[in-house]
Amino acid sequence: MVSNTPPLESATPLTQQAFKDALMAKGQFYHLHHPFQQAMAQGELSKVQLQGWVANRFYYQLIIPQKDAALLANCPSAAVRRQWVQRLLDHDGDQDDEGGIEAWIALGQAVGLTREELVTQEHVLPGVRFAVDAYLNFVRQASWEEAAISSLTELFAPEAHQSRLDTWPTHYPWIDEQGYRYFRKRLSEAQRDVDHGLEIALDICTTAQRQARALEILQFKLDVLWSMLDAMTLAYQLDRPPYHTVTNERVYHRGLGAHSLKGVLNEA
């Protein structure tokens, strides 16, 4: 269903409540409603398909602390930085918490993947990589305020985490219980992040132009998440992975960020 939210073309800004409602209305485009996610919730994915989702989503998990670090680097407000830095620690971990990345690796192992398969990114599809990289590059180049607004898909994330906790044990009983740590962890962290991100958006977006820009940024982030699942649908549900017409091998690159050509030549 297409949103009935009117376009913000006039000079008159929405009230704070109406703007919040417009942001929340974007939830209808959240990737929870993608056919791939719907099939997952209904127990229709095979083990290989579920493994593909976990492996590709891991690449997204890897860049979350990087995008948070980029936002922090661009933010001149110590008060904002003190709050936002917790997101980075949530994923990278500290002395008291393993962090979200390690929890996702545990999920990968619970569905039958190895740590090496995840870390080497051998299953990450080019379409997923390009979408995720676009998000990271946006945050690096944007103002910290726009970067914060791009994180507002977290408004809809708790429902997705809860859905997996509710449906996976029934539909995929072969998954080790320890694999659910990430979803449980994020349920407790998500509301804090939602409150902070929404507070920033409502405080900053007080003109019609800023509100329209914020809605467009949120749609961009929704596009990133939806595009990731489009790539996975082609590869795992339609059996049309990259280069399927010429080879059965995974010949696509595994990311160019880890080693530059200069570094490789120096190693040689």
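What counts, and where the lines are drawn
- Residues numbered from 1 in each chain as written.
- Predicted model: local features only at pLDDT ≥ 70, side-chain atom pairs only at ≥ 80, totals over all residues.
- Heavy atoms only, no water.
- pLDDT = per-residue confidence, 0-100.
- Contact = heavy atoms within 4.5 Å.
- Axes fitted to C-alpha atoms, helices over the stretch in contact; angles between N-to-C directions.
- Helix = DSSP H or I, 4+ residues; strand = E, 2+ residues; numbered from the N terminus.
- Parallel < 35°, antiparallel > 145°, perpendicular 65-115°, else oblique.
- Left-handed = near helix turned anticlockwise from the far one by under 90°.
- Nonpolar A, V, L, I, M, F, W, Y, C, P; charged D, E, K, R; others polar.
- Patch = residues over 30% accessible without salt bridge, like charges linked within 9 Å, V, L, I, M, F, W, Y side chains within 5 Å.
- Areas by Shrake-Rupley, 256 points an atom, 1.4 Å probe, with all protein chains shown as cover.
- Salt bridge = Lys/Arg side-chain N within 4 Å of Asp/Glu carboxyl O.
- Buried < 20%, exposed > 50% of the residue type's maximum accessible area, 1.4 Å probe, protein only.

### Regarding the confidence of the model for the chain
In this model, the chain carries a mean pLDDT of 91, and residues with pLDDT of at least 70 account for 92%. Contacts for the low-pLDDT stretch residues 262–266, under 50 throughout, to residues beyond four places or in other chains number one contact.

### With respect to the packing of helix α1 (residues 16–25) against helix α11 (residues 208–237)
It is the contact of α1 with α11, at a shortest axis distance of 10 Å, that shows an interaxial angle of 20 degrees. The orientation of α1 relative to α11 falls into the category roughly parallel. As α1 packs across α11, the resulting crossing turns out to be right-handed. Across the interface between the two elements, F19, A22 and L23 of α1 pack against Q211, A214, L215 and L218 of α11. The class makeup of the residues in the contact of α1 with α11 is six nonpolar, one polar and no charged.

### A few points about a nonpolar patch on the surface
There is a patch of nonpolar side chains on the surface, built from Y243, V246 and V251 and spanning about 320 Å² of accessible area. Topologically, V251 is positioned in the loop between α11 and α12 (261–267). V251 sits in the partly exposed class, given a relative accessible area of 47%.

### Some points on the environment of T233
Along the chain, T233 falls in helix α11. Under the relative-accessibility criterion, T233 is labelled buried at 16%. Each C-alpha atom, one on T233 and one on A160, is 18 Å from the other, the two residues being 73 residues apart in sequence. Apart from the residues within four sequence positions on either side, T233 is in contact with H34, F36 and L238.

### What about unusual backbone geometry?
Within the chain, Q121 stands out as a residue other than glycine whose phi angle is a positive 60 degrees. At D239, a residue that is not glycine, the phi angle is positive and equals roughly 55 degrees. Within the secondary structure, D239 is located in the loop between α11 and α12.

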